[in-house]
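Listed below are the residues making up each chain.
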Amino acid sequence: DAMVIQNPRYQVTQFGKPVTLSCSQTLNHNVMYWYQQKSSQAPKLLFHYYDKDFNNEADTPDNFQSRRPNTSFCFLDIRSPGLGDAAMYLCASRTGANTEAFFGQGTRLTVV
Amino acid sequence: AQSVSQHNHHVILSEAASLELGCNYSYGGTVNLFWYVQYPGQHLQLLLKYFSGDPLVKGIKGFEAEFIKSKFSFNLRKPSVQWSDTAEYFCAVTAGFQKLVFGTGTRLLVSP
């Protein structure tokens, strides 16, 4: 059974139109991550949470925001998507130290 | 903050050849180390992980990695690669509840 679920799997949005990607985990994990992965590149960390403690990477554009209303759910909001934001967005969760991260299947975002 | 570097960006091998992919990290404290594999068009899969104890870690599909603390390294090895090992390989590091950071990845092509 999938433990980290991302919806939708594929998202097409218009240039400049706000879009929200969602992630849920059934594992009761404290830590959640959002990554952006472009073709043939490594996953790039955008944000991570430890419980409600939010950590923003210094080079994450202001266009990207995140919310974690409860332990299970985490959202990635892109306020005004540009063509350069087209990518695979990965969500992951883990309990904490000495544990592995579990990844979702990803959401592939296309900006038209 | 932790960081990861992978020396080989592209590796081409023939089937049955031995594989070693380099990974070095920078972080002064206790770390958790991972190798992930990403097959073409698929999501990240965990190959193996190191938390503590025996520095030689065995993973799935015949892969192993050795943690050498003095060299800040966690190199991935496989004695005999197969065509089906063609994929991108990512080393990742995290410390405690902190961010999980990926290396730039190594693209492996195994020719039959």
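Presented here is an overview of the structure given in this document.

The rules behind the values
- Residues numbered from 1 in each chain as written.
- Chains lettered and ligands numbered in written order.
- Predicted model: local features only at pLDDT ≥ 70, side-chain atom pairs only at ≥ 80, totals over all residues.
- Heavy atoms only, no water.
- Helix = DSSP H or I, 4+ residues; strand = E, 2+ residues; numbered from the N terminus.
- Buried < 20%, exposed > 50% of the residue type's maximum accessible area, 1.4 Å probe, protein only.
- Pairing = 2+ DSSP bridges.
- Axes fitted to C-alpha atoms, helices over the stretch in contact; angles between N-to-C directions.

## Examining the environment of W35(B)
All names here are of chain B.
- Within the fold, W35 resides in strand β5 (residues 32-38).
- In this structure W35 comes out as buried when scored by relative accessible area, which is 0%.
- Taking the C-alpha atoms as reference, W35 lies 15 Å from H9; in sequence the two are 26 residues apart.

## Focus on the sheet that holds strand β3 (residues 19-25) of chain A
Residues and elements named next belong to chain A.
- The sheet built from 4 strands is open, its strands ordered β1-β3-β8-β7 with antiparallel pairing. Of all strands in the sheet, those with a lone pairing partner are β1 (4-7) and β7 (64-67), marking the two edges. Within this sheet the neighbouring strands show an average axis-to-axis angle of 20 degrees, counted without direction.
- Inspection of the sheet shows β1 paired to β3 by 4 bridges, in the antiparallel sense. Across the sheet, residue I5 finds its bridge partner in β3, namely S24.

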